[in-house]
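Understanding the architecture of this molecule
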Amino acid sequence: MTNRTISIPTAAPVSSFRCIACGVIRDNVSHDFRCTDCGDLLEIFYPAWHSEQMATNAPGFKALWQQRKTSRRAIDESGVWRFRELLPALRDWDQAVTLREGNTPLYNLPACARIAGVKQLYAKHQGMNPTGSFKDTGMTVAASFALQEGFRWVACASTGNTSASMAAYAARSAMRSLVVIPEGKVSWAKLSQALDYGALTCELRTDFDGCMRVLNEVVKQWPVCLLNSVNPYRIEGQKTGAIELLEQFDGQVPDHIIVPGGNLGNCSALGKALLELLDLGLITRTPKVSVIQAEGANTLLRSVREHGGKKLIPMQAQTAATAIRIGSPASWKKAVRVLQATGGTVEQASEIEIAQSKAEIGADGIGCEPASAVTLAGLKKLVKQEFVKQDDIVVLILTGHLLKDPEFTLKFHRGDLFKGTEYEQQAAALRLHQRARVTLEPTADAVVKALEQAEKSTPPN
Ligand code: F0G
């Protein structure tokens, strides 16, 4: 089974695999989803989209997608499969493995807007997906194709969210799942999800990049479908976040979409969607897609600034935003292409900036996990640089739910997130954002006193 291939479905819309580097087109792929000629990543493309039939049909898509919102069919209730005209076709749509993913809210962030210095700031909260992260939007598609191709096992290396998502979708479709994670570097909330959904969970004494290397060997020896974002079906599903976002803006196109960068699959997916919508004439311009990385895991930033986006030098990644603690991002070439095609940029956020921005998003009543908060931290810099203008409409993609990493949040508010680290002194500036718990005698008087004290203090925003 070492050279297991996945054949493409024959039903319309016809899709194929294309290498992002050498451009070779294939109808099937090997176990590692890489080009057998040059080893680079593959993407799914749709040759029929330039046909006359597509030109006739495309203008009707928006109404069709709206109409499906009232349907009780599982694939119409899914905020991913609702947009299936822009996805690869399953042999039987009703066999899609779905948890009714997508359908995530768009919130305004008034306090964060004031802090960042823009008039209109929104959060597309992908953490409101069934397992609490944007991964579900890609996983429903990749898991459905794995099932269609008869795989019994699916697998991923992960910083936590991919594994939680994959384990859930595998459990829903009676496939078994193998999770390979870096020991001690995955939040226990994410780890607990993988266990509850029944994954074979292997913690390795290495980082995410090491886990990925090991898994790439495993897929050569065991018939397992790789569900990391090198799997191009993942990218297709994650595209729908952008399609849904534009729908929520009623056809208006925001000026900027700001997304956290880890393995760089998500920015690639959102950018692909926007460029495809443009190609199909469903929008007339795209927002600028910008990527924000943690300073300690800033390979894309360094690639763009030091090598013009032509070369990426892997690094030993280090950040408390463990979801994006990745030193050798697989989809960096796809990400560079998206930055260039949409006119976006790349920035970085320090550990302190991430922690502060996370508290600010929390104080707006929204909340997110640390990796998502890099978006606000990055936006502040992009406004200062005047890359983002005061009147621009800006959307932050919040990728994970606040409850994904409670330990980070509790440590932050206790004031010991940076204890014993090189950031300890700088962290004093975060005190304004910290909310101490108070332990009281069990009397109404004591609680009323606490209320009186709270009245006297001013909230940070
Ligand atoms: N935000 C969160 C919450 C994530 O979990 C991830 C990636 C990212 C941002 C970065 O997205 O990799 O597409 O650039 N998490 C992966 C995982 C790597 O294994 O859960 P990306």
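Residues numbered from 1 in each chain as written. Predicted model: local features only at pLDDT ≥ 70, side-chain atom pairs only at ≥ 80, totals over all residues.

1. Re the overall build of the chain
Across its full length, the chain carries 16 helices and 15 strands. In terms of overall dimensions, the chain is globule-like: its C-alpha atoms have a radius of gyration of 22 Å, near the 23 Å expected for 461 residues. Here the C-alpha coordinates of the chain stretch approximately 70 × 50 × 45 Å along the principal axes. Taken across its 461 residues, the chain has 50% of its residues classed as buried. (Helix = DSSP H or I, 4+ residues; strand = E, 2+ residues; numbered from the N terminus. Rg over C-alpha atoms; globule rule 2.2 N^0.38 Å. Buried ≥ 20, exposed ≤ 12 C-beta atoms within 10 Å, placed from the backbone.)

2. Digging into helix H15 (residues 406–414)
Considered for burial, the residues of H15 that qualify are Phe408, Thr409 and Phe412. Seen along its axis, H15 keeps its buried residues to an arc of 95 degrees; they face one direction. In H15, the exposed residues that point more than 90 degrees away from the buried face are Glu407 and Leu410. Taken together, the buried residues of H15 touch helix H13 (351–363) and helix H14 (370–384). Immediately beyond the C-terminal end of H15, within one or two residues, lies Gly415, with a positive phi of roughly 85 degrees. (Arc of directions from axis to C-beta. Contact = placed C-beta atoms within 7 Å.)

3. Thoughts on the packing of helix H9 (residues 232–248) against helix H10 (residues 265–279)
Between H9 and H10, whose axes approach to 7 Å, the crossing angle comes to 65 degrees. The crossing of H9 and H10 is right-handed. On the side of H9, the interface is formed by Arg234, Ile235, Gln238, Lys239, Gly241, Ala242 and Ile243, while H10 contributes Gly265, Asn266, Ser268, Ala269, Leu270, Lys272, Ala273, Leu274 and Leu277. For the contact of H9 with H10, a count of residues per class yields 8 nonpolar, 5 polar and 3 charged. (Axes fitted to C-alpha atoms, helices over the stretch in contact; angles between N-to-C directions. Left-handed = near helix turned anticlockwise from the far one by under 90°. Nonpolar A, V, L, I, M, F, W, Y, C, P; charged D, E, K, R; others polar.)

4. Overview of the site of the ligand
Around the ligand sit 22 residues in total, of which Ser158, Gly262, Asn263, Thr399 and Gly400 are the nearest. When contributions to the shell around the ligand are tallied by element, the ones reaching two or more residues are helix H6 (161–172), H10 and H14. Residues of the shell around the ligand, tallied by class, amount to 5 nonpolar, 15 polar and 2 charged. (Near = placed C-beta within 6 Å.)

5. Points about the sheet that holds strand E14 (residues 346–349)
On the basis of which strands lie adjacent, the open sheet formed by 6 strands has the order E6-E7-E15-E12-E13-E14 and mixed pairing. Here the strands that pair on one side only, and so sit at the sheet edges, are strand E6 (106–108) and E14. Strand-to-strand twist across the sheet, computed as the mean angle between neighbouring axes with direction ignored, equals 25 degrees. Where E6 and strand E7 (residues 120–125) come together, 3 bridges link them in antiparallel fashion. Paired with Tyr107 across the strands is Ala123, a residue of E7. Across the sheet, helix H11 (residues 299–307) lies against strand E13 (288–294) and E14, angled at about 135 degrees from E14, the strand it touches most. (Pairing = 2+ DSSP bridges.)

6. Topic: the nonpolar core
Among the nonpolar cores identified, the biggest contains 125 residues, and Ala143, Ala146, Val154, Ala155 and Leu227 are the most heavily contacted of them. In this view, Ala143 contacts Val97, Val154, Tyr169, Ala170, Ser173 and Leu227; residues no more than four positions away in its chain are not counted. (Core = buried A, V, L, I, M, F, W, Y, C linked by C-beta atoms within 7 Å.)

7. Things to note about unusual backbone geometry
A positive phi angle, close to 55 degrees, is found at Asn103, a residue other than glycine. Secondary-structure assignment places Asn103 in the loop between helix H3 (74–77) and E6. In the Ramachandran plot, Ala174 falls in the positive-phi region, its phi being about 60 degrees despite a non-glycine side chain. For Ala174, the position within the fold is in the loop between H6 and strand E9 (176–182). For Ala174, a count of 9 C-beta atoms within 10 Å puts it in the exposed group.

8. Points about helix H12 (residues 332–342)
Turning to H12, its buried residues number three or more, namely Trp332, Lys334, Ala335, Val336, Val338, Leu339 and Thr342. Its buried side turned inward, H12 meets H10, E13, H11 and E14. Where H12 terminates, the next one or two residues include Gly343, which has phi positive at roughly 80 degrees.

9. Re the sheet that holds strand E8 (residues 153–157)
Read from one edge of the open sheet, 4 strands run E10-E9-E8-E11, paired in parallel fashion. Lying at the two open borders of the sheet, with one neighbouring strand each, are strand E10 (200–204) and strand E11 (224–226). Neighbour-to-neighbour, the strand axes of this sheet turn through a mean angle of 25 degrees, independent of strand direction. Across 5 bridges, E8 lies against E9 in parallel orientation. In the strand pairing of E9, Cys156 is matched with Val179.

10. A few points about the pairing of E14
Two faces make up the sheet, and in a regular strand the side chains alternate between them. By the alternation rule, side chains of E14 split into Val346 and Gln348 and Glu347 and Ala349, which are all buried. With 4 bridges connecting them, E13 and E14 associate as parallel partners. Looking at the pairing, Val291 lines up with Val346 of E14.

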